[in-house]
Amino acid sequence: MKFLRLVILVLVVFASETVLAQSLREAVGKYCLVGAAVNQWQSDGQVPKADAVLAKHFNCAVAENCMKPEVLAPAEGIFDFRVADKFINYCQKLNLKVNGHCLVWHSQAPDWWFTNGYTASPVSKEVLKKRLIKHIKTVVGHFKGQVFGWDVVNEAIMDDGSFRKSPYYNLLGEEFIEIAFRAAHEADPDAELYYNDYSMAGAKKREAVCQLIKNLKAKGIRIDGVGMQSHNGLDYPDLTEYEKSIDAFAACGVKVLITELDINVLPNPEGFGGADIAQNFELQQKYNPYPKGLPKDKQQELDKRWLDLFKIYYKHRSQIGRITLWGVCDENSWLNGWPIAGRTNYPLLFDRNYEEKPIVNKIINIFK
C-alpha cells in the first residue's frame with residue numbers, strides 16, 4: 001500500500017510539472033523574462049480571462065498606456081498615479097515583474113510640457129529641462145522598488161539614423177537623452193534603464209543606436225538595455241538584418257529586449273511604414289480582408305513567421321533579456337485600430353477568447 005501511494009505521489013508531481021511546463025512562463029522564462037502589455041480594463045480586474053493568461057504564461061508586464069507622461073502628468077504640478085498604482089498592484093497579485101513605459105516620448109506627452117503656461121508660445125530650454133527632470137524623478141521615485149526597469153527614452157532616432165526633431169531635441173539637442181538617463185538613475189539607482197525604438201533592423205538606425213549607447217557609456221551614464229519594438233509583419237523586417245541588430249546591440253554591452261512584439265497579418269496601405277502612431281489611413285475593404293477569421297493558408301504563413309522569430313530568440317537566448325508581446329489577446333491589440341481604425345487583426349498568440357493558439361505549444365517546444 002505504501003509503495004502504491006508513493007507511485008501515485010510521483011505521478012501527481014510529474015503531472016503537475018508537465019502542466020506547468022506547458023506555458024511560455026516555464027519554457028521561455030527559463031532564459032529571459034516573458035511578458036505582455038496590459039490595458040486599463042485588464043489591470044482594473046475587469047477581465048478574468050486575461051488574469052488567467054497572464055498568471056499562466058507570463059512573468060512580467062508593461063502598462064500599455066497608464067504610465068505614459070500624458071496620463072501621469074495631466075497638468076503642471078499635478079501627478080495622477082491612481083490608474084498606474086492599480087496596475088502595479090495587479091501585477092504584484094499575479095507575481096509579474098513590472099517594466100515602466102515610458103518616461104520620455106515625443107508622442108503621448110502632455111501639451112503643457114512644451115508651452116509657456118497656457119499661452120501658445122514655446123517653453124524655454126531651461127524650463128523644459130527642469131520639467132523633464134522633475135517628471136522623471138517624481139515618477140521613478142514614486143515607483144522605486146516596484147519597477148525593475150524603465151524605457152527611459154522612446155523613439156528618439158529616425159530610420160535614417162538622424163535624431164528625431166521632437167520638441168525635446170529642438171530645445172535641448174541630444175543632451176535631453178543624457179538628462180533623462182541621469183535623472184532616472186538618480187531617482188532609483190537599482191532600476192535598469194533602456195532605450196526603446198521601432199524599425200531597429202534598419203542598418204542606419206542600428207548604427208545610430210549603437211553610437212548612442214557608446215556615447216552614454218563613455219560619459220559614465222547607465223544604460224542597461226535596448227528595446228527592439230518588433231512590430232513585425234509577415235514579410236518585414238528582413239530577419240537577417242534583424243539578427244544583425246541583436247548581435248550589434250549585444251556587442252555594445254547591453255541586454256537586447258524584444259519589447260512590443262506582434263505580427264500584422266493585414267495588407268498595409270501605400271505609404272505606411274515603421275510604427276509612428278501619427279500615421280492614419282482611411283478604412284477600405286481591401287485593407288480588412290479577414291473580418292471572420294484567417295484562411296488556412298494565411299494562418300500557416302503567420303505560424304511560420306512566429307516560429308522563425310522564436311527560433312531566432314532561442315538562438316540568441318544568451319543575449320536577450322526580455323520578450324514582451326504588445327497585448328494579451330487579438331481582441332485588444334492596437335493593430336485593430338492602427339494605422340486604420342475598424343479592422344480585424346490577428347497579431348498575438350492568444351485569440352479573441354483568450355485561448356492559446358496552437359502555435360503556442362510549438363513555441364514552447366523550441367525552448368524545452
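S.K.: Any chance you could explain the overall build of the protein here in plain terms?
M.R.: Within the protein, the secondary structure is distributed over 13 helices and nine strands. Relative to the 2.2 N^0.38 estimate, which gives 21 Å for 368 residues, the radius of gyration of the protein is 21 Å and therefore close to what a compact globule would have. If one aligns the C-alpha atoms of the protein with their principal axes, the spans along those axes are about 80 × 55 × 40 Å. The 368 residues of the protein split such that 54% are buried. When the accessible surface of the protein is split by element, carbon and sulfur atoms take 54% of a total near 16,700 Å².

S.K.: I keep staring at the confidence of the model for the protein and nothing clicks. Help me out?
M.R.: Should the pLDDT be low somewhere, the predicted coordinates at that spot are not to be read in detail. Residues with a pLDDT of 70 or more make up 90% of the protein, whose mean pLDDT is 92. Overall, residues 1-21 carries pLDDT values under 50, and its contacts beyond four positions in sequence, including any with other chains, amount to four contacts.

S.K.: For this particular structure, what's the right way to read the nonpolar core?
M.R.: Most often, soluble globular proteins keep nonpolar side chains buried together rather than apart. Counting residues in each nonpolar core, the largest one holds 110 residues, and the members touching the most others are Trp150 and Tyr313. Among the elements that line this core, the one with the most residues is helix 9 (residues 175-187), at eight residues. The residues contacting Tyr313, other than those within four sequence positions of it, are Ser230, Asn232, Tyr242, Ile258, Leu261, Ile320, Ile323 and Phe367. Formed by six residues, the second largest nonpolar core is a distinct cluster that contains Val62, Trp326, Leu335 and Trp338.

S.K.: Quick question: what am I supposed to make of the pattern of salt bridges here?
M.R.: Side-chain pairs of opposite charge can arise whenever the charged atoms involved come near each other. Overall, the coordinates contain 17 salt bridges when judged by the stated rule. Of the charged contacts, one joins Lys357 and Asp330 as a salt bridge, the two residues approaching to 2.7 Å between their closest N and O atoms. With a gap of 27 residues between them, Lys357 in the loop between strand 9 (320-325) and helix 13 (359-367) and Asp330 in the loop between strand 9 and helix 13 connect regions that are remote in the sequence. Here Lys357 matches Asp330 in class, with each residue buried.

S.K.: Can you walk me through the packing of aromatic side chains in this structure?
M.R.: Any pair of aromatic rings gets described here by the distance separating the centres and the angle formed by the planes. In this structure the tally under the stated criterion is 17 aromatic pairs. For the ring pair Phe114 and Tyr168, a centre distance of 5.1 Å and an interplane angle of 75° mean the geometry is edge-to-face. Pair noted here: Phe114 is in the loop between strand 3 (97-105) and helix 7 (125-142) and Tyr168 is in helix 8 (residues 167-172), with a separation of 54 residues, a long-range link. Each member of the pair, Phe114 as well as Tyr168, is classed as buried. Put simply, the rings of Tyr31, Tyr242, Trp306, Phe310, Tyr313, Tyr314 and Phe367 pair up and form one aromatic cluster. Seen from the ring of Tyr198, Lys205 lies directly overhead, with NZ or CZ sitting 4.4 Å from the centre. Here the basic side chain of Arg317 rests over the ring of Tyr31, its NZ or CZ set 5.6 Å away from the ring centre.

S.K.: I would appreciate a short explanation of helix 9 in the present structure.
M.R.: Structurally, the α-helix is built with 3.6 residues per turn, so residues lying three or four positions apart point the same way. Over its 13 residues, helix 9 runs 18 Å from end to end, which matches the ideal 18 Å to within 8%, given 1.5 Å per residue. What helix 9 keeps buried is the set Phe176, Ile177, Glu178, Ile179, Ala180, Phe181, Ala183, Ala184 and Ala187. Buried-residue contacts for helix 9 involve strand 3, helix 7, strand 4 (149-154), helix 8, strand 5 (192-197) and helix 10 (203-218).

S.K.: Help me understand the pairing of strand 6 (residues 225-228), please; the structure alone is not making it clear to me.
M.R.: Sheet faces and side chains relate simply in a regular strand, where the side chains alternate between the two faces. The alternating pattern of strand 6 places Gly225 and Gly227 and Val226 and Met228 on opposite faces, both of which are buried. For the segment spanning strand 5, helix 10 and strand 6, crossover handedness is right-handed. Inspection of the sheet shows strand 6 paired to strand 8 (residues 255-264) by four bridges, in the parallel sense. Bridge pairing links Gly225 to Lys255 in strand 8.

Rules used throughout
Residues numbered from 1 in each chain as written. Predicted model: local features only at pLDDT ≥ 70, side-chain atom pairs only at ≥ 80, totals over all residues. Heavy atoms only, no water. Helix = DSSP H or I, 4+ residues; strand = E, 2+ residues; numbered from the N terminus. Rg over C-alpha atoms; globule rule 2.2 N^0.38 Å. Buried < 20%, exposed > 50% of the residue type's maximum accessible area, 1.4 Å probe, protein only. Areas by Shrake-Rupley, 256 points an atom, 1.4 Å probe, with all protein chains shown as cover. pLDDT = per-residue confidence, 0-100. Contact = heavy atoms within 4.5 Å. Core = buried A, V, L, I, M, F, W, Y, C linked by side-chain atoms within 4.5 Å. Salt bridge = Lys/Arg side-chain N within 4 Å of Asp/Glu carboxyl O. Phe/Tyr/Trp six-rings, centres within 6.5 Å; stacked < 30°, edge-to-face > 60°. Lys NZ or Arg CZ within 6 Å of the ring centre and 35° of its normal. Expected span 1.5 Å × (residues − 1). Right-handed = clockwise from strand over helix to strand, strands pointing away. Pairing = 2+ DSSP bridges.

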